[in-house]
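# Topology and contacts: notes
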Amino acid sequence: MNLALAALIGGAVLGCNSVSGKIDENPVSINTSAMMEYEIEGADDYIVVALASHGLDCEEWADFYDDFDDKLFDDLDLGDAEDLWTETLPEDFWQIVIRMRADDVDDRADKVDWDPEDWDDGLTDDGDAALFASHTTEWWDEDQPFADISDDYRGDAGSLKIKSHKPSDHISGTYKTMMVDGEGDDEGQVTVHFSADHCSSLEDWF
């Protein structure tokens with residue numbers, strides 16, 4: 001499954017989200033955001049911030065994901081799945097996902113010195129962070145359900161500063177990084193300013 005489908009995300013529409021710079025010579029717009037928190041038994045926890053330009057709020061996006069999954073995998077009705085996609089989403093939209101490995105999601109993230117990883121490294125220790133971006137440029141098509149309809153990118157090192165964090169409520173901050181493609185080739189530089197409310201409805205999809 002391509003990244004556009006595998007990382008369907010969203011959140012509350014907020015005015016404090018913006019992206020300066022370009023990816024693959026394209027400007028990036030953001031009009032929706034969400035924060036998810038994951039407690040992992042016996043291991044480090046995770047905080048995820050999801051940003052997108054589809055304009056759906058937390059519940060609308062979660063409902064879309066639920067409905068699309070039902071039509072695609074339970075009902076096996078690809079025609080209805082395509083109709084739902086095209087009626088709900090714009091043909092062209094961006095998604096950005098910031099993942100942070102935290103010792104405990106109940107601790108304030110603004111007290112942590114975050115360390116954005118190189119593009120080809122994983123999140124191995126608490127305090128590690130990574131940024132992923134996906135640019136969807138085509139409608140999902142029932143005749144080609146596994147076609148690659150997005151261009152995917154990853155942040156390469158940089159800096160992450162959390163301005164404020166209230167666990168299970170809200171997070172804001174700035175992530176600055178170089179962007180690369182799947183081969184590690186330079187695709188630009190961005191500074192992402194984010195402000196996101198907690199959205200538990202989307203946590204089942206990560």
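These numbers were taken from a predicted model, which means no experiment stands behind them.

## Side note on the overall build of the protein
Across its full length, the protein holds 3 helices and 10 strands. Starting at the N terminus, the α and β elements of the protein follow one another as α-β-β-β-β-α-α-β-β-β-β-β-β. For 206 residues, the compact-globule estimate of 2.2 N^0.38 gives 17 Å, and the C-alpha radius of gyration of the protein, at 16 Å, lies within 12% of that figure. For the C-alpha atoms alone, the extent of the protein along its principal axes is close to 50 × 35 × 35 Å. Long-range contacts, defined here as pairs at least 24 residues apart, represent 67% of the contacts in the protein between residues at least 6 apart. Of the roughly 9600 Å² of accessible surface on the protein, 41% is carried by carbon and sulfur atoms.

## As for the environment of D118
Secondary-structure assignment places D118 in the loop between β6 (115–116) and β7 (128–136). For the pair formed by D118 and A129, sequence separation is 11 residues and the distance between their alpha carbons is 9.5 Å. Dropping the residues within four chain positions of it, D118 is found in contact with R154, G155, D156 and A157.

## Details of the state of the cysteines
Tallied over the full model, the rule gives 1 disulfide. Each disulfide pairs two cysteine sulfurs, and for C58 the partner residue is C199, the sulfurs being separated by 1.8 Å. Disulfide C58-C199: torsion about the S-S bond near 80°, hence right-handed. One end of the pair, C58, is in helix α2 (residues 58–74); the other, C199, is in the segment after β10 (186–197), and 141 residues separate them in sequence. Left without a disulfide partner, C16 is nearest to the cysteine sulfur of C199, which lies 18 Å away.

Conventions and cut-offs
For every chain, the first residue of its written sequence is number 1, and the numbers climb from 1 along that sequence. At least 70 in pLDDT is required for a residue's local features to be given in this predicted model, at least 80 for side-chain atom pairs to be given and counted, and no such filter applies to totals for whole chains, interfaces and linings, which use all residues. Based on all heavy atoms of the structure, the side-chain values leave hydrogens and waters out of the count. Numbered from the N terminus, helices here are DSSP runs of H or I no shorter than four residues, and strands are runs of E no shorter than two. Computation of the radius of gyration draws on C-alpha atoms, with the globule rule given as 2.2 Å multiplied by the number of residues to the power 0.38. Here a residue-residue contact requires only that any non-hydrogen atoms of the pair lie within 4.5 Å. With residues, only the protein chains shown are counted as cover, and all accessible areas are computed by Shrake-Rupley using a 1.4 Å probe. Working definition: a disulfide is two cysteine sulfur atoms within 2.5 Å of each other.

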